[in-house]
Amino acid sequence: MAAGELEGGKPLSGLLNALAQDTFHGYPGITEELLRSQLYPEVPPEEFRPFLAKMRGILKRWGFAMLPRLILNSCAQAIHPPWPSKVLGLQSIASADMDFNQLEAFLTAQTKKQGGITSDQAAVISKFWKSHKTKIRESLMNQSRWNSGLRGLSWRVDGKSQSRHSAQIHTPVAIIELELGKYGQESEFLCLEFDEVKVNQILKTLSEVEESISTLISQPN
Amino acid sequence: MEASSEPPLDAKSDVTNQLVDFQWKLGMAVSSDTCRSLKYPYVAVMLKVADHSGQVKTKCFEMTIPQFQNFYRQFKEIAAVIETV
């Protein structure tokens, strides 16, 4: 029976994966017919359509609701190591457990609704989200950034040596290559040269940025 | 003593640029058409760089907080190394 077909675990996992590719990662060419024929060939199209819409809706709703807490959580984790305990307060508020509790509550409510999902489906969706949320979060962030992002950074330090033509003696220089790129576009490489004085100037500026970040994170809002 | 034609050591190669200015701002993305409740902080940087001819260009980019942390950490490493050279 078709309803039983829709409850299976493995095809649902594949479906969620494909929907995530389409919704969050911008992967082209994922059509309803492709999904149905690949994953649920026994199910007639008119039954598959509402089912697909339901799963797509559940996934999208997470993108909306789950994102902010996940971002704050990962920020706290990134800053955590040498930072004072007031920042760690944030971490407990935005802990992963809260995400999952909310998730479980949401899914349970869905299973109780008329025309909602089965508990088997809820289990598959829960498993899928736990393993994919980081990737989905990053995708959503990247898509909303229209400036170039920093894709990579590499550097080396050269020591200049004395020459009879130049008064410079032994001035080391740092060569830094930044890889920048806009979402969906090729990278641009920017190569910069710094002497020791400049490096320390930048360091001072960066410590001001870090100061700003810790002020922002510690302010409840 | 043979006259050698050494390239002047101060010549900047065509490839590397000098950093003229570094401006930054800490922003918070609140909402977008793909996600109503974004709420993520980011560091936006505007660099002014001068190439070997002296021409100044502007480069802008953004970093997430973890990316910024890595950026900062790398600069600290560079400072440590350049000190010892």
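Numbers given for residues are sequential positions, taken from 1 along each chain in its written order. Key to labels: chains lettered from A, ligands numbered from 1, both in the order written. It should be noted that, the model being predicted, local features are given only for residues of pLDDT at least 70 and side-chain atom pairs only at 80 or more, the latter also being counted only at that level, while totals for whole chains, interfaces and linings use all residues. In computing side-chain properties, one takes all heavy atoms of the structure into account and sets aside hydrogens as well as water.

Peer 1: Looking at this structure, I do not really get the overall build of chain A. What am I missing?
Peer 2: Each helix corresponds to a stretch of at least 4 residues labelled H or I by DSSP, and each strand to a stretch of at least 2 residues labelled E; elements are numbered beginning at the N terminus. Of regular secondary structure, chain A possesses eight helices and three strands. Counting from the amino terminus, helix and strand elements in chain A follow one another as α-α-α-α-α-α-α-β-β-β-α. Looking at chain A residue by residue over its 221 residues, the buried ones come to 42%. Pairs of residues are marked as contacts when any of their non-hydrogen atoms sit within 4.5 Å. Across chain A, the fraction of contacts at a sequence separation of at least 24, relative to all contacts at a separation of at least 6, is 59%. Only the protein chains shown count as cover for residues, and all accessible areas are computed by the Shrake-Rupley method using a 1.4 Å probe. About 11,800 Å² of surface is accessible on chain A, with carbon and sulfur atoms providing 52% of the total. Relative accessibility under 20% of the residue-type maximum defines a buried residue, over 50% an exposed one, and the middle range a partly exposed one, all with a 1.4 Å probe and only protein chains included.

Peer 1: Looking at this model, I keep getting lost on the overall build of chain B. Mind explaining?
Peer 2: Counting its regular elements, chain B contains one helix and three strands. Looking at chain B as a whole, 40% of its 85 residues are labelled buried. A fraction of 30% describes how many contacts in chain B between residues 6 or more apart in sequence connect residues 24 or more apart. Looking at chain B as shown, the accessible area adds up to about 4,800 Å², and 52% of this sits on carbon and sulfur atoms.

Peer 1: I keep staring at the environment of I176 of chain A and nothing clicks. Help me out?
Peer 2: Along the chain, I176 of chain A turns up in strand β2 (residues 172-181). I176 of chain A sits in the buried class, given a relative accessible area of 1%. I176 of chain A sits 19 residues away from V157 of chain A along the chain, and the two C-alpha atoms are 8.6 Å apart. The contact partners of I176 of chain A, leaving out residues within four places of it in the chain, are L153, S154, W155, L190, C191, L192 and F194 of chain A together with F75 and I78 of chain B.

Peer 1: Looking at this structure, I do not really get helix α8 (residues 196-218) of chain A. What am I missing?
Peer 2: Along an α-helix, residues three or four apart share an orientation, since each turn contains 3.6 residues. Expected span of a helix, by definition, is 1.5 Å for each gap between consecutive residues, and there is one gap fewer than residues. Spanning 23 residues, α8 of chain A covers 33 Å between terminal C-alpha atoms, matching the ideal 33 Å at 1.5 Å per step. Within α8 of chain A, burial applies to V199, I202, L203, T205, L206, V209, E210, I213, S214 and I217 of chain A.

Peer 1: How should I be thinking about the sheet that holds strand β3 (residues 188-195) of chain A in this particular structure?
Peer 2: The strands that make up a sheet pair up through hydrogen bonds in the backbone, lying either parallel or antiparallel. Reading around the barrel, the six strands line up as β1(A)-β2(A)-β3(A)-β1(B)-β2(B)-β3(B) and close back on themselves, with mixed pairing between neighbours. Neighbour to neighbour, the strand axes of the sheet diverge by 35° on average, direction disregarded. Every angle, taken between N-to-C directions, lies between 0 and 180 degrees, and every axis is a line fitted to C-alpha atoms, over only the stretch in contact when it is a helix. Where α8 of chain A meets the sheet, its contacts fall on β2 and β3 of chain A together with β1 (17-29) and β2 (40-50) of chain B, and the angle it forms with β1 of chain B comes to roughly 5°. Note on pairing: DSSP must find at least two bridges between two strands before they are called paired.

Peer 1: What is the right way to read the confidence of the model for chain A from this model?
Peer 2: Low-pLDDT portions of the prediction should not be read for the details of their coordinates. For every residue, the pLDDT score states the predictor's confidence, bounded by 0 at the bottom and 100 at the top. With 68% of its residues at a pLDDT of 70 or more, chain A shows a mean pLDDT of 73. Segment residues 67-98 of chain A is flagged for pLDDT under 50; beyond a separation of four residues in sequence, or across chains, it makes 50 contacts in the model.

Peer 1: What's the story with the nonpolar core in this structure? I'm lost.
Peer 2: General note: in soluble globular proteins, nonpolar side chains tend to be found buried as a group. To define a nonpolar core, start from buried Ala, Val, Leu, Ile, Met, Phe, Trp, Tyr and Cys residues and group those joined through side-chain atoms within 4.5 Å. Counting residues in each nonpolar core, the largest one holds 33 residues, and the members touching the most others are L178 and F194 of chain A together with L47 and F71 of chain B. Tallying contributions element by element places helix α1 (residues 65-84) of chain B first for this core, with eight residues. Once you skip the residues sitting within four places of it in the chain, L47 of chain B turns out to touch L178, L190 and L192 of chain A together with L19, D21, F22, K57, T58, K59 and F61 of chain B. Grouped together as the second largest cluster of nonpolar side chains are 26 residues, I30, Y40, F51 and L140 of chain A included.

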